[in-house]
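# Observations on chain architecture
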Amino acid sequence: MRACVDIGGTKVAVSLSASSDAPLIGRRSEPTAKTGDNDAVAVQIIRMIDEVCAEQGVDPATIDRVGVSSTGPFELRDGKVELATPNICGGIAGPSRGLPNTWMTAIIEAPLAERFGSVRVENDAVAALEAERHWGALKGIDDCAYVTWSTGVGVGLCVGGRALRGKNGNAGHAGHSFVVDDDSHALCGCGNVGDVEGLIAGNSIARRFDQDAAELFTAAAAGEPKALETVDALCRVMGRLLYNLVITLDLQCISLGGSVFWHHRDFVLPRLQAQIDGKLVPLTRGVRLVPAGLGDKVGDYAALALLD
């Protein structure tokens, strides 16, 4: 039996599966732990796995593989992944970001490996990329990306049929790149001011505009002028990021997910595509932006894809 874990800046979800081709069962979700010691998220995951097993009548001792799809970045300590995640670890940017801890990292892999043995931790966007290539909108495409626009902004990259990982598994953290001039009010959890995530991520929208993303995008879709102006500016930032990915890696298709995008995809998608179409045509001709084929379940299947 396998446990599939999805760690986000807002929530942790746990499911079980008998194999990579078996359906997910017993999904359980709760807010990501952000108080106590910096092993709190690992302790939370172990408890949640035990609870799902109890609900499903599964002996926890039969869990022999755990796939963890997690928001990053990562640091390696003694070869084990720890999370240096701006939306979880409050010590990175300091108290101005308002997180209720001073963690510089959150210990993840070591406690899980001690309990369950075989554990694989990957960046959530890389794992989602693999899920989209296996079951979703990127099947059969060798030069592609998965981009999530949610609590944070994450990217998984595939070139020539190979997912890019980097020296510590951090390839694709384009959400912390810069595409416009610095904005002194756009403090990202990583400590940058004015990077993509600091400007357009779900938690940044709430902080910058005193309005959550759902309210803002709903007002824009209804034609409210100020909201529409704001959302168009947010889409320009995301669109420029997507354009940069396309021309840097010569991509064919980008699959998009995450709560900010997914709940407003019909309104947002053409605005993002417009930031690519007609620019440097030899590289952008025919490039498609598509909603994630796995929809709002992409995070759950991302962890399962790690255990294929």
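That block above? That's the structure.
Figured I'd write up the structure that's included with this text. All values reported here derive from a predicted model rather than from experimental measurement.

To continue, consider the packing of helix α6 (residues 213–221) against helix α7 (residues 225–249). Packing of α6 against α7 leaves a shortest axis separation of 8 Å and a crossing angle of 110°. It follows from the interaxial angle that α6 and α7 lie roughly perpendicular. In this structure, α6 crosses over α7, and the sense of that crossing is left-handed. Here α6 contributes Leu216, Phe217, Ala219 and Ala220 to the contact with α7, which in turn contributes Ala227, Leu228, Thr230, Val231 and Leu234. Class assignment for the residues of the contact of α6 with α7 results in 8 nonpolar, 1 polar and no charged.

What follows deals with the nonpolar core. The biggest cluster of nonpolar side chains holds 61 residues, and the ones touching the most others in it are Trp149, Phe217, Leu242 and Leu272. In terms of residues, this core owes the most to one element, α7, which gives 11 residues. Those residues in contact with Leu272 that lie beyond four places of it in its chain are Trp149, Cys235, Met238, Gly239, Leu242, Leu256, Phe261 and Leu289. In this structure, Val52, Ile63, Ile88 and Ala106 belong to the second largest nonpolar core, which totals 32 residues.

Right, let's get into the environment of Ser69. Mapping Ser69 onto the fold places it in strand β4 (residues 65–70). Linking Ser69 and Ala128, residues 59 residues apart in sequence, is a C-alpha distance of 7.9 Å. Once residues lying within four places of it in the same chain are set aside, the contact partners of Ser69 are Val5, Asp6, Ile7, Glu122, Asp124, Ala127, Ala302, Ala303 and Leu306.

Okay, the pattern of salt bridges next. Tallied over the entire structure, the rule returns 14 salt bridges. When the shortest N-O distance is used, the salt bridge between Glu30 and Arg47 registers 2.3 Å. Of this pair, Glu30 sits in strand β3 (residues 25–31) while Arg47 sits in helix α1 (residues 40–56), and the two are 17 residues apart along the sequence. As a salt-bridge pair, Asp232 and Arg271 come within 2.7 Å of each other at their nearest N and O atoms. Placement of the pair is Asp232 in helix α7 and Arg271 in helix α9 (residues 265–273), with a sequence separation of 39 residues. With a relative accessible area of 25%, Arg271 lands in the partly exposed category.

The next point concerns the sheet that holds strand β11 (residues 162–163). Taking strand neighbours across the sheet as the criterion, the 5 strands line up as β11-β10-β9-β12-β13 in an open arrangement whose pairing is mixed. Here the strands that pair on one side only, and so sit at the sheet edges, are β11 and β13 (288–291). Across 4 bridges, strand β12 (residues 253–257) lies against β13 in parallel orientation. Paired with Cys253 across the strands is Arg288, a residue of β13. In this fold α9 packs onto β9 (144–149), β12 and β13, with an angle of close to 165° to the strand it touches most, β13.

Here we take up helix α11 (residues 298–305). Among the 8 residues in α11, 7 count as buried, and that is most of the element. Along α11, the residues classified as buried are Val298, Gly299, Asp300, Ala302, Ala303, Leu304 and Ala305. Residues of α11 that are buried in the fold lie against β1 (2–7), β2 (11–17), β3, β4, α3 (124–134) and β9.

Cis geometry is adopted by the peptide bond preceding Pro73, which originates at Gly72 and carries an omega value of 0°. Residue position: Pro73 is located in the loop between β4 and β5 (74–77). Backbone geometry places Asp210, a non-glycine residue, at a positive phi of 50°. Of note in the backbone geometry, Asp250 takes a positive phi value of approximately 55° without being a glycine. When its relative accessible area of 46% is taken as the criterion, Asp250 is described as partly exposed.

Throughout the structure, instances matching the rule amount to 2 aromatic pairs. Between Trp135 and Tyr301, the ring centres sit 5.7 Å apart and the planes meet at 65°, which makes this aromatic pair edge-to-face. Taken together, the residues span a long stretch of sequence, with Trp135 in the loop between α3 and β9 and Tyr301 in helix α11 at a distance of 166 residues. Judged by its relative accessible area of 26%, Trp135 falls in the partly exposed class. On the accessibility criterion, Tyr301 (27% relative accessible area) is partly exposed. Their ring planes at 80° and their centres at 5.8 Å tell us that Trp149 and Phe217 sit as a pair that is edge-to-face. Placement of Trp149 in strand β9 and of Phe217 in helix α6 is noted, with a sequence separation of 68 residues between them. Phe217 shares its class with Trp149; the two are buried. Positioned above the aromatic ring of Trp262, the side-chain terminus of Arg265 is 4.0 Å from the ring centre. In this structure, Arg271 is placed above the aromatic ring of Phe267, and the distance from its NZ or CZ to the ring centre is 4.0 Å.

About the criteria used
- Along each chain, residues carry numbers from 1 onward, in the same order as the chain's sequence is written.
- In keeping with the predicted nature of the model, local features appear solely for residues at pLDDT of at least 70, side-chain atom pairs appear and are counted solely at 80 or more, and the whole-chain, interface and lining totals rest on all residues.
- Only hydrogens and water are removed before side-chain values are computed, so all heavy atoms of the structure are retained for them.
- For helices, the axis comes from a line fit to the C-alpha atoms of the stretch in contact; other axes are also lines fit to C-alpha atoms, and the angle between any two N-to-C directions lies between 0 and 180 degrees.
- Secondary structure elements follow DSSP: runs of H or I of four or more residues count as helices, runs of E of two or more count as strands, with numbering from the N terminus.
- To sort the angles, those under 35 degrees are grouped as roughly parallel, those over 145 as roughly antiparallel, those from 65 to 115 as roughly perpendicular, and the leftovers as oblique.
- Rotating anticlockwise by less than a right angle from the far helix to the near helix defines a left-handed crossing, while the corresponding clockwise rotation defines a right-handed one.
- Any two residues whose heavy atoms approach within 4.5 Å are treated as being in contact.
- Residues were grouped as follows: Ala, Val, Leu, Ile, Met, Phe, Trp, Tyr, Cys and Pro as nonpolar; Asp, Glu, Lys and Arg as charged; and all remaining residues, including Gly, as polar.
- Among buried residues, the Ala, Val, Leu, Ile, Met, Phe, Trp, Tyr and Cys ones that are joined through side-chain atoms within 4.5 Å form a nonpolar core.
- Exposure categories follow from relative accessible area, calculated using a 1.4 Å probe and restricted to protein chains: below 20% of the type maximum is buried, above 50% is exposed, and the middle band is partly exposed.
- Every case where a carboxyl oxygen of Asp or Glu lies within 4 Å of a side-chain nitrogen of Lys or Arg is listed as a salt bridge.
- Any two strands between which DSSP finds at least two bridges are classified as paired.
- Two rings from Phe, Tyr or Trp (for Trp, the six-membered ring) form a pair when their centres sit within 6.5 Å of each other. Planes less than 30 degrees apart are called stacked, planes more than 60 degrees apart edge-to-face, and all others tilted.
- Two conditions define a charge located above a ring, namely a distance within 6 Å from the ring centre to NZ of Lys or CZ of Arg, and an angle within 35 degrees of the ring normal.

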